[in-house]
Amino acid sequence: MSSVVLATAGYDHTIRFWEATSGICYRTLQYADSQVNKLEISADKTQIAAAGNGQIRIFDVNSNDTQPVSTYDHPGNVTAVGFQKDSKWMYSGGEDGTVRVWDLRAPDCQRMYESRAAVNSVMLHPNQGELLSGDQTGHIRVWDLTANACSCELVPEVGTAVRSLTVALDGSLVVAANNNGICYVWRMLRGASHSTHFEPLHKLRAHPTYVLKCLISPDCQQLATASADRTVKLWSLDGFSLERTLVGHTRWVWDCVFSVDAAYLVTASSDATAKLWDLASGEAIRTYTGHHKACVACALNDSAIDGRDIDGLKKRKREGR
């Protein structure tokens, strides 16, 4: 099993796997009939989910089989996909206005929540019991999987699409990025009923145009924002000052993902490339070339453990590391 799994995908109907350090593409999968909108690698590095138009396909990361292990039908463009930490189930969101939950041992959708507008982003809370969705009309909703209902609703800017959501690994913060280049930051608090409540913390004017992706680093120290202005910015979560601007892509930057130690960032762009950035220097140390059209999705799993060690993360934060 590879210790580092790095994959990219986009509008040329392919998924490409890369050797992160050399930049060599060692495997290409065809994704018939559709572009790929999103990629997600399971915590145990055995599966990769690819979301396209009308379906989600799951491929085996460690096999040479070019066919998907399984396919799940989700009408319309699927804009979000992710795994529960033990890969027992998967979630998705799409332009059909739904958030869906899929049992990976069964062929059909187990739960479906109506957002009433095209869903652009879905994230799983680290507690594994709540999904957060952001949609085209600017609504953010929390879906309580135990109560099987919407437990909270926020509208930071009426009528301005929420493009991307990110949740801190320690469950302390949530950030929503919108089409006006603004990121809204809330503290997440647990109520008496164990449901999540939001306390406004900061309004960050991150970019002059669309923020296409926002992502909190695994160590909960930084926020990355990728934009249609062709840059990626790194912000300190302690004061929200701008720490670094990553310049090098020549078209929109659609996606980004941190390495597990938060020392590196991979980005995907409409310029048909992905880049690996050293965040200490702000330099692009590798460019992954091979896609023939826009590269809009990237996924990385370089974790040394199966899943995300939240307890270990909290311990490191307490010790000031």
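Bear in mind that the values here come from a model prediction, so they are computed numbers and not experimental data. (Residues numbered from 1 in each chain as written. Predicted model: local features only at pLDDT ≥ 70, side-chain atom pairs only at ≥ 80, totals over all residues. Heavy atoms only, no water.)

## Description of the side chain of Q84
Here's step 1: Along the chain, the position of Q84 falls in the loop between β7 (70-83) and β8 (89-94).
Here's step 2: There is a polar contact of 3.0 Å between the side chain of Q84 and the backbone nitrogen of K88.
Here's step 3: Each residue touching Q84, except ones within four places of it in the same chain, is listed here: W89, L124 and Q128. (Helix = DSSP H or I, 4+ residues; strand = E, 2+ residues; numbered from the N terminus. Polar contact = N/O pair within 3.5 Å; in protein donor to acceptor, adjacent residues only side chain to side chain. Contact = heavy atoms within 4.5 Å.)

## Concerning the state of the cysteines
Here's step 1: Counting across every chain of the model gives 0 disulfides.
Here's step 2: With no disulfide of its own, C152 lies closest to C150 among cysteine sulfurs, the gap being 7.2 Å. (Disulfide = S-S within 2.5 Å.)

## Here we look at the sheet that holds strand β13 (residues 140-144)
Here's step 1: On the basis of which strands lie adjacent, the open sheet formed by 4 strands has the order β11-β12-β13-β14 and antiparallel pairing. At either end of the open sheet lies a strand with only one pairing partner, and these are β11 (119-124) and β14 (149-154). Neighbour-to-neighbour, the strand axes of the sheet open up by a mean angle of 20°, direction not taken into account.
Here's step 2: By the bridge criterion, 5 bridges tie β13 to β14 in an arrangement that is antiparallel. Within β14, the residue paired with D144 across the bridge is A149. (Pairing = 2+ DSSP bridges. Axes fitted to C-alpha atoms, helices over the stretch in contact; angles between N-to-C directions.)

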